[in-house]
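Descriptive structure summary
The primary structure of each chain is shown beneath.
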Amino acid sequence: MNQNYLQVKDINVLALAYIGDSIYEVFIREYLLRQGIVKVNELQKKAILYVSAKKQSEYLTKMIDGDFFTEEEFQVIKRARNHKSHASKTTDIRTYKNSTGLEALIGYLYLNGEKGRIEQIMNFIVGE
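None of the values given here were measured: they were computed from a predicted structure.

Topic: the environment of leucine 16
Tracing the chain through its elements places leucine 16 in helix H1 (residues 13-34). Residue class for leucine 16 comes out buried when judged on its relative accessible area of 0%. Expressed as a C-alpha distance, the spacing of leucine 16 and leucine 111, which sit 95 residues apart in the sequence, is 8.5 Å. Among all residues touching leucine 16, those that are not within four sequence positions of it are Val8, Ile11, Arg79, Glu103, Ala104, Gly107, Tyr108 and Leu111.

Set out below in structure tokens:
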């Protein structure tokens, strides 16, 4: 990928959330498989405990309350939460914006090559 094309900090936060969502999902799926869960129905039920907008919003709030993020990371989250977006059909707008903020941060870190920091965030989420 040619990062000279566009600075990561200039990428639209919804595009960051788009890639962050997939990185987040892969981490959770791999985590569950490593826990020995191999039945697809059970994987799906367990994944919802981590990947729903409501749960992502809860995790983000806990991390913010615990001063988990750097100032730079928090700015990405705020930019994503403040971005004008459509209303979600499945959750309230605040929950949706919080989950978008977390996903955007994951995308931002991923594109910046900060996979270790993503791992720290995801380990916090899964309780490790």
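Structural notes on the layout of surface pockets
Roughly 250 Å³ of volume is contained in the largest pocket. Contributions of two or more residues to the lining of the largest pocket are made by H1, helix H3 (53-65) and helix H5 (93-111). Sort the elements by how many residues they give to the lining of the largest pocket and H1 lands first, with five residues. When the residues that make up the lining of the largest pocket are grouped by side-chain class, the tally is six nonpolar, six polar and three charged. In this model, the second largest pocket occupies a volume close to 160 Å³. Together, Ile23, Val26, Phe27, Glu30, Tyr110, Lys115, Ile118 and Glu119 line the second largest pocket. Tallied by class, residues from the lining of the second largest pocket come to five nonpolar, no polar and three charged.

Comments concerning the nonpolar core
Ranked by internal contacts, the top residues of the largest apolar core, which has 32 residues, are Tyr24, Ile28, Leu32, Tyr50, Ile121 and Ile125. For this core, the secondary structure elements donating two or more residues are H1, helix H2 (40-51), H3, helix H4 (71-82), H5 and helix H6 (115-126). Not counting residues up to four positions away in its chain, the partners in contact with tyrosine 50 are Tyr24, Ile28, Tyr31, Leu32, Lys55, Gln56, Tyr59, Ile125 and Val126.

A few points about H2
Across its 12 residues, H2 extends 15 Å between first and last C-alpha, which sits within 8% of the 16 Å expected from 1.5 Å per residue. Of the residues making up H2, those classed as buried are Leu43, Ala47 and Tyr50. Projected down its long axis, H2 shows its buried positions confined to an angular sector of 50°, all on one face. More than 90 degrees from the buried face of H2, the exposed residues found are Asn41 and Lys45. On its buried face, H2 is in contact with H1, H3 and H6.

Rules used throughout
- Residues numbered from 1 in each chain as written.
- Predicted model: local features only at pLDDT ≥ 70, side-chain atom pairs only at ≥ 80, totals over all residues.
- Heavy atoms only, no water.
- Helix = DSSP H or I, 4+ residues; strand = E, 2+ residues; numbered from the N terminus.
- Buried < 20%, exposed > 50% of the residue type's maximum accessible area, 1.4 Å probe, protein only.
- Contact = heavy atoms within 4.5 Å.
- 1 Å grid on protein atoms, 1.4 Å probe; cavity = no way out; pocket = protein on both sides within 12 Å on 5 of 7 lines; lining within 4 Å.
- Points joined across faces, edges and corners; volume = space filled by probe spheres on them.
- Nonpolar A, V, L, I, M, F, W, Y, C, P; charged D, E, K, R; others polar.
- Core = buried A, V, L, I, M, F, W, Y, C linked by side-chain atoms within 4.5 Å.
- Expected span 1.5 Å × (residues − 1).
- Arc of directions from axis to C-beta.

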